[in-house]
Amino acid sequence: MADTTTAATDQAVPATDARTETDDTPPHRYNAALAQDIELKWQRYWDEHAMFETPNPSGPLADPERMADRGEKLFVLDMFPYPSGSGLHVGHPLGYIGTDIYSRFQRMRGRNVLYSMGFDAFGLPAEQYAVQTGQHPAITTAENVANMRRQLHRLGLSHDRRRSIETTDPDYYRWTQWIFRTIFDAWYDTEADKARPISELIQQFAKGKRATPDGRPWADLTAAEQGDVLAGYRLAYVSDAPVNWCPGLGTVVANEEVTADGRSDRGNFPVFKRNMRQWMMRITAYADRLLDDLDALDWTDAIKTMQRNWIGRSEGATVHFPSAAGPITVFTTRPDTLFGATFMVLAPEHPLVDELTTPDQAEAVAAYRKAAAAKKEMDRTDDTREKTGVPIGGTATNPVTGEDIPVWIADYVLMGYGTGAIMAVPCGDQRDFEFARKYDLAIPAIQQPPEAWFAAHGIEPTSGADTSSWPEAYIGDAPYINSSNTALLNGDLDLNGISDVAEGVTAINEWLEANELGEATVTYKLRDWLFSRQRYWGEPFPIVYDDDGVPHALPDDLLPVELPETDSFSPRTFDPDDAGSNPESPLDRLGDWVTVELDLGDGKKAYRRDTNVMPQWAGSCWYELRYLDPTNDKRFVDPEVEEYWMGPRTDVRPDHPGGVDLYVGGVEHAVLHLLYARFWHKVLYDLGHVSSWEPYVRLFNQGYILADAYKDEREIYVDAFAVEERDGGFYFEGEPVTREWGKMGKSLKNAVSPDDMYAQYGADTLRLYEMSMGPLDQSRPWETRDVVGMYRFLQRFWRNAVDEDTGELTVVDNEPDNETARLLHRTIDAVTTECEELRFNTAIAKLIELNNHVTKLDAAPRSVIQAMTLMVAPFAPHIGEELWSRLGHEDSLTYVPFPTADPALLVDDQVELAVQVNGKVRGRVTVAADADDATITALALAEENVARTLDGKAPKKVIVIPGRMVNIVA
RNA sequence: GCCCGGGUGGCGGAAUGGCAGACGCGGCGGAUUCAAAAUCCGCUGUCCGAAAGGGCGUGUGGGUUCGACUCCCACCCCGGGCACCA
């Protein structure tokens, strides 16, 4: 899911950096070599003691004893990675370090934490990498996964490794196929507003409770006809519809995978709209719920807005304009402006254009349509271009005025949105206004804009229909004028006097419905999800076709449908611009596999397998559910286990939807993974398979790690580590290069491997550095030279407890002095809050401050070092465990309670207050914490520098902010 | 064009109405060393000043307030998302 670039190298762990080791280095100094010893030792210990195994309430992973020890559940999840050939760079684990710290912290706070990691291993990059290397994707994927597992383990992440999954594992994708079949065997009941099993629909047809499309009894329909009818209802269905064909990739792709300029998200190849027979998922049935339920989620507004925009709900009306060729139907969000509709505009591709074109316009129309078709291939980014169009000669009738209005075609009307036709209201829509001005069409006013609007445009107010002085269309609430058909048609519609758009819309919608000229309608930008791909490295469909071409889902005992072994896994790709090419699925070539003889209940028959595979996103639509119950071979997840980990927490808030308690990942999945996974989860919820109605209740988007990248004069990236900076310029092999920011990655030749950081400083230092760079949700530039700061912190911390020459513990059993005790407890208080809020950068700063204070003491009190060790442990768990063990504890600190602050030590008896004169600090006074205002005022006025500044002037006013400051107004 | 973020020392950042620059890097000075690295200690926004102290300072201009990085209004710049969506 989280993509990484592909290229080979399975790095061996480099030897530790010799830089810091010389003969006179104290033998027990915390350096890279010691860090490595400590880290490997504790990683082994954690593994051997199954330290991070989390008990389930029931089933194979149940452990009543452990369960009894643990408190309230907490499910922490990362967006699982895509196993690339180049392994991890230091940018990848940013979020993982954050979730690990949070998980470790919460374990110490008593929570039963579920934390694991899997691999999203199907998909294009693995297949492309395999094609490049000639090795089967299963082999390269397994190698890549193994390398990434090693790198993540070396970082000290506290995963429950029993729960790890790979989406390419047949034991996993068996359930991906099972869920597909479940979706295939379901339909959306708009009455109940939820998905139901398809068998219940068939029963309705069979019993005559629901009429077939042509009214014949269900039993009279052939099997193929029944199949077609059901396809119109199923949540997964095959349809012949316009899809995105990408010859360069050799496959079709989903709308979500096409960029704004009409190219493939992956590979950046041109994408063409073509009618093809493909699998679709009826995500549109869930459009309203996907939209409305965002309110129940603790996600950033940015991501919610992106999902709302993608779903693109707009409310309005469909209106039918009678014409010689039959009614022209339009969708409008402003039916209230219908009286101002003075012309219509159709998309050039609109099917009624031919019939409505008059002979005298035929030539112009043909020319315009040809030009429009050509334009499609050009960059559509030119959004400033002037609107063009031609009249086609025919007319349509405005249903509220009865007037005949001209029909035009123009390429600013899109066939793919709404009905491909609009009514043009030039006085109330800016595009229509510009179009009307350009082609000299009537622009009668139907609303009276307020005075302020005219004033703002510097024109004299007009009244009545005259808009000749208007510089632009008027949009918004205003009293309607010229909006009645009582005189025109002897009708009964009169909006005049209404001054509110909502009210106007309601009135006109009622009239349209009563007169059968239109109805209130909601449209969406969201389209059904194109679900099939003509590739090899993906989940096969659990579907076979009979002789009539009717799809049949395979029963449980035939799952999984394993991906067949083959050497010819390369997809057939084409010239990227060859729009006329046709997809060929690699599985099509495997004749033996494609045809099967099966008994699906009515005797042995020959069937043909579906040769598509599922898209990259299928496996990530439900993986969090499999973490819960990874070994279950009866169900994809046991309901009791799901309810424990993900059930709605109505005790937290009444609208709590359930789901993962904390989900951390990048923003790039805003409308892909996050939308698809929500959709699948809701289907599973409707059918009673899960108790939560949203998969991820809280989403946190971490930033990216950026790094300098350098391009030479040919615009080619050069090795960033060989670039020299001198005289304010940058040089590579003596040639000048230019610097730019980018995400870290192989393609920009600026990737830093965590393996190098482990060798130079150790995993604990790397973890601290990544967290200390700034807030987790912010992107930040990587600076290898800055890493040493956190290394020094750990070194000083170590030295506060351990003698560098002898290795002996140096802590003393004395109680800390008052100042130290207070600082310790303030630190505990702050670190606790900051960890709860994922503000790890400031938590680390507070720990460093405390450590710097302890450094200045003659000897460190045991109680202080002990508390510090527990607080440092979530961030730097290896050194934490090591010191904890040296402090005399036999067991791991993993489940030792996090220190708690003594409230008595958080309040000081003496406080220092800043004294301001006219808002500028002029001095400070120390007073008792409970001193009254008069005492404070007297002390403040007496302060030497304050008195000098006042220079004998009497203060006009003194403001005392208890515990903080004094401001003297002079 | 619309919608989100964001603009603070040489750099990453802290402070969300109350002492601007916590913490870290870098830099400067010192200790240690034959020397260096590593480590340790001190200083480090800027200008004036020997110092005490003072002026200026959070993108720009205004406003609210005893007090503004923080709140309000207008604008500029950077990053991201959406975009003939009817």
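The structure displayed is predicted, hence computed values, not measured ones.

**A look at the overall build of chain A**
Next, step 1: Each helix and strand in chain A was counted, giving 28 helices and 31 strands.
Next, step 2: C-alpha extents for chain A along the principal axes are approximately 100 × 90 × 65 Å.
Next, step 3: Burial statistics for chain A: of 970 residues in total, 54% are counted as buried.
Next, step 4: The long-range fraction of contacts in chain A, counting pairs at least 24 apart against all pairs at least 6 apart in sequence, stands at 71%.
Next, step 5: When the accessible area of chain A is evaluated, it comes to approximately 41,900 Å², of which 49% is carbon and sulfur surface.
Next, step 6: The average position of the 93 basic charges and that of the 155 acidic charges among the side chains of chain A differ by 2 Å.

**Things to note about the side chain of Gln 177**
Next, step 1: Mapped onto the secondary structure, Gln 177 falls in helix H6 (residues 170–184).
Next, step 2: For Gln 177, a relative accessible area of 0% translates into the label buried.

**Side note on the domain arrangement of chain A**
Size of an interface: often given as the accessible area lost when the parts come together.
Next, step 1: Here chain A is partitioned into domain 1 (18–177 + 618–701), domain 2 (198–281 + 528–609), domain 3 (314–523), domain 4 (709–743) and domain 5 (908–969).
Next, step 2: Distance between the C-alpha centres of domain 3 and domain 4: 55 Å.

**Focus on a negative patch on the surface**
Next, step 1: A surface patch of negative charge is lined by Glu 713, Asp 719, Glu 733 and Glu 735.
Next, step 2: In this fold, Asp 719 is placed in the loop between strand E23 (717–718) and strand E24 (723–726).
Next, step 3: Asp 719 sits in the partly exposed class, given a relative accessible area of 34%.

**Focus: empty space enclosed by the protein**
Next, step 1: Here the structure, examined in full by the defined rule, presents five cavities of 30 Å³ or more.
Next, step 2: Considered as a void within the structure, the largest cavity measures approximately 130 Å³ in volume.
Next, step 3: Around the largest cavity, the lining residues are Ser 116, Met 117, Phe 119, Arg 149, Leu 152, His 153, Leu 157, His 159, Asp 160, Arg 161 and Ser 164.
Next, step 4: Each residue belonging to the lining of the largest cavity can be placed in one class, and the counts come to four nonpolar, four polar and three charged.
Next, step 5: Looking at the second largest cavity, its volume works out to about 40 Å³.
Next, step 6: Considering the residues around the second largest cavity, the lining is formed by Cys 427, Gly 428, Ala 445, Ile 446, Gln 447, Pro 449, Trp 470 and Tyr 474.
Next, step 7: When its residues are assigned to classes, the lining of the second largest cavity shows six nonpolar, two polar and no charged.

**Things to note about the nonpolar core**
Next, step 1: In this structure, Trp 529, Trp 680 and Trp 782 are the most contacted members of the largest nonpolar core, which totals 179 residues.
Next, step 2: The contact partners of Trp 529, leaving out residues within four places of it in the chain, are Ala 254, Trp 279, Met 280, Met 281, Ile 283, Pro 615, Trp 617, Cys 621, Tyr 676, Phe 679 and Trp 680.
Next, step 3: Membership of the second largest hydrophobic core comes to 60 residues, among which are Met 344, Ile 392, Phe 435 and Ile 446.

**Points about the confidence of the model for chain A**
Next, step 1: Across chain A, the average pLDDT comes to 89, with 96% of residues at 70 or higher.
Next, step 2: Counting contacts from residues 377–383, a segment whose pLDDT is below 50, to residues more than four positions away or on other chains yields one contact.

**A closer look at the sheet that holds strand E20 (residues 662–665)**
Next, step 1: Spatially, the four strands line up as an open sheet ordered E2-E1-E20-E21, and their pairing is parallel. Looking at which strands have only one partner, the edges of the open sheet turn out to be strand E2 (112–115) and strand E21 (699–701). Across the sheet, the mean angle separating the axes of adjacent strands is 20 degrees when strand polarity is ignored.
Next, step 2: Across the sheet, helix H18 (residues 639–646) touches strand E1 (73–78) and E2, and the angle it forms with E1 is around 85 degrees.

**Quick look at helix H27 (residues 933–942)**
Next, step 1: Burial in H27 covers these residues: Ile 936, Thr 937 and Ala 940. Down the axis of H27, the sector holding all buried residues measures 100 degrees, keeping them to one side. Exposed residues pointing more than 90 degrees away from the buried face of H27 are listed as Ala 934 and Ala 942.
Next, step 2: Packed against the buried residues of H27 are strand E28 (910–917), strand E29 (920–928), helix H28 (944–950), strand E30 (957–961) and strand E31 (965–969).

**Examining the pattern of salt bridges**
Next, step 1: Tallied over the entire structure, the rule returns 48 salt bridges.
Next, step 2: Of the charged contacts in the structure, one is a salt bridge between Asp 336 and Arg 334, with a shortest N-O distance of 3.0 Å. In this pair, the class of Asp 336 matches that of Arg 334, namely buried.
Next, step 3: Residues Lys 605 and Asp 602 are paired through a salt bridge, measuring 3.5 Å at the closest nitrogen-oxygen approach.

**As for the pairing of strand E22 (residues 705–711)**
Next, step 1: In terms of burial, E22 is largely enclosed, as six of its seven residues are buried.
Next, step 2: Relative to strand E27 (residues 780–781), E22 runs parallel, the two being bridged by two bridges. Paired with Ile 705 across the two strands is Arg 780, which belongs to E27.
Next, step 3: Relative to E23, E22 is paired through two bridges, and the arrangement is antiparallel. Residue pairing in the sheet places Tyr 710 in a bridge with Val 718 of E23.

**Details of unusual backbone geometry**
Next, step 1: Omega for the bond connecting Leu 559 with Pro 560 falls within 30 degrees of zero, at 0 degrees, which places this linkage in the cis form.
Next, step 2: One non-glycine residue, Glu 516, adopts positive backbone phi at about 55 degrees.
Next, step 3: By the element assignment, Glu 516 lies in the loop between helix H15 (501–514) and strand E14 (518–523).
Next, step 4: Of note, the phi angle at Asn 918 is positive, near 50 degrees, even though the residue is not glycine.
Next, step 5: Along the chain, the position of Asn 918 falls in the loop between E28 and E29.
Next, step 6: A relative accessible area of 47% means that Asn 918 is categorised as partly exposed.

**Topic: the environment of Arg 862**
Next, step 1: Examined against the element boundaries, Arg 862 turns out to sit in helix H25 (residues 862–872).
Next, step 2: Linking Arg 862 and Thr 810, residues 52 residues apart in sequence, is a C-alpha distance of 8.8 Å.
Next, step 3: Excluding residues within four positions of it along the chain, Arg 862 makes contact with Leu 809, Val 811, Val 812, Asp 813 and Leu 887.
Next, step 4: Within the structure, the side chain of Arg 862 is placed 3.2 Å from the backbone oxygen of Leu 887, a separation counted as a polar contact.

**Focus: H6**
Next, step 1: Helix length check: H6, at 15 residues, gives a terminal C-alpha distance of 20 Å against a target of 21 Å (1.5 Å per residue), a fit within 8%.
Next, step 2: By the criterion of burial, H6 is predominantly enclosed, with twelve of the 15 residues buried.

**Remarks on the sheet that holds E31**
Next, step 1: An order of E29-E28-E31-E30 is seen for the four strands of this open sheet, with the pairing classed as mixed. The outermost strands of the open sheet, each flanked by one partner alone, are E29 and E30. When strand polarity is set aside, the average angle formed by the axes of neighbouring strands in this sheet is 20 degrees.
Next, step 2: One ladder, built from five bridges, connects E30 with E31; its direction is antiparallel. Residue pairing for E31: Ile 959 is matched across the bridge by Asn 967.
Next, step 3: The sheet contacts of H27 involve E28, E29, E30 and E31, and relative to E29 the element is tilted by about 130 degrees.

**Observations concerning the pairing of strand E3 (residues 186–189)**
Each regular strand shows side chains that alternate between the opposite faces of the sheet.
Next, step 1: By the alternation rule, side chains of E3 split into Ala 186 and Tyr 188 and Trp 187 and Asp 189, which are all buried.
Next, step 2: With four bridges connecting them, E3 and strand E4 (residues 194–197) associate as antiparallel partners. Across the sheet, Ala 186 pairs through a bridge with Pro 197, a residue of E4.
Next, step 3: Linking E3 to E4, which pair antiparallel, is a turn of four residues; within it Asp 193 sits at a positive phi near 55 degrees.

**Quick notes on the packing of aromatic side chains**
Next, step 1: This model, assessed by the stated rule, comprises 47 aromatic pairs.
Next, step 2: Ring geometry for Phe 122 versus Trp 537: centroids 5.0 Å apart, planes at 70 degrees, classification edge-to-face. With Phe 122 in the loop between E2 and helix H4 (124–133) and Trp 537 in the loop between strand E15 (529–530) and strand E16 (543–545), the pair connects residues that are 415 residues apart, well separated along the chain.
Next, step 3: Judged by relative accessible area, which is 7%, Trp 537 ranks as buried.
Next, step 4: Here the aromatic cluster, defined as three or more aromatic residues joined through ring pairs, consists of Phe 180, Phe 184, Tyr 188, Trp 279, Tyr 286, Trp 529, Phe 531, Phe 541, Trp 617, Tyr 676, Phe 679 and Trp 680.
Next, step 5: Against the face of Tyr 237 rests Arg 282, its NZ or CZ located 4.1 Å from the ring centre.

**A closer look at the packing of helix H21 (residues 763–772) against helix H26 (residues 877–886)**
Next, step 1: For the pair H21 and H26, interaxial distance at closest approach is 7 Å and the crossing angle is 125 degrees. By the angle class used here, H21 and H26 are oblique. Residues Ala 763, Asp 764 and Arg 767 of H21 pack against Pro 877, His 878 and Ile 879 of H26.
Next, step 2: The residue inventory of the contact of H21 with H26, partitioned by class, reads three nonpolar, one polar and two charged.

About the criteria used
- Residues numbered from 1 in each chain as written.
- Chains lettered and ligands numbered in written order.
- Predicted model: local features only at pLDDT ≥ 70, side-chain atom pairs only at ≥ 80, totals over all residues.
- Heavy atoms only, no water.
- Helix = DSSP H or I, 4+ residues; strand = E, 2+ residues; numbered from the N terminus.
- Buried < 20%, exposed > 50% of the residue type's maximum accessible area, 1.4 Å probe, protein only.
- Contact = heavy atoms within 4.5 Å.
- Areas by Shrake-Rupley, 256 points an atom, 1.4 Å probe, with all protein chains shown as cover.
- Lys, Arg positive; Asp, Glu negative; His and termini not counted.
- Charge placed at Lys NZ, Arg CZ, Asp CG, Glu CD.
- Domains from an automatic or database assignment.
- Patch = residues over 30% accessible without salt bridge, like charges linked within 9 Å, V, L, I, M, F, W, Y side chains within 5 Å.
- Salt bridge = Lys/Arg side-chain N within 4 Å of Asp/Glu carboxyl O.
- 1 Å grid on protein atoms, 1.4 Å probe; cavity = no way out; pocket = protein on both sides within 12 Å on 5 of 7 lines; lining within 4 Å.
- Points joined across faces, edges and corners; volume = space filled by probe spheres on them.
- Nonpolar A, V, L, I, M, F, W, Y, C, P; charged D, E, K, R; others polar.
- Core = buried A, V, L, I, M, F, W, Y, C linked by side-chain atoms within 4.5 Å.
- pLDDT = per-residue confidence, 0-100.
- Pairing = 2+ DSSP bridges.
- Axes fitted to C-alpha atoms, helices over the stretch in contact; angles between N-to-C directions.
- Arc of directions from axis to C-beta.
- Polar contact = N/O pair within 3.5 Å; in protein donor to acceptor, adjacent residues only side chain to side chain.
- Expected span 1.5 Å × (residues − 1).
- Phe/Tyr/Trp six-rings, centres within 6.5 Å; stacked < 30°, edge-to-face > 60°.
- Lys NZ or Arg CZ within 6 Å of the ring centre and 35° of its normal.
- Parallel < 35°, antiparallel > 145°, perpendicular 65-115°, else oblique.

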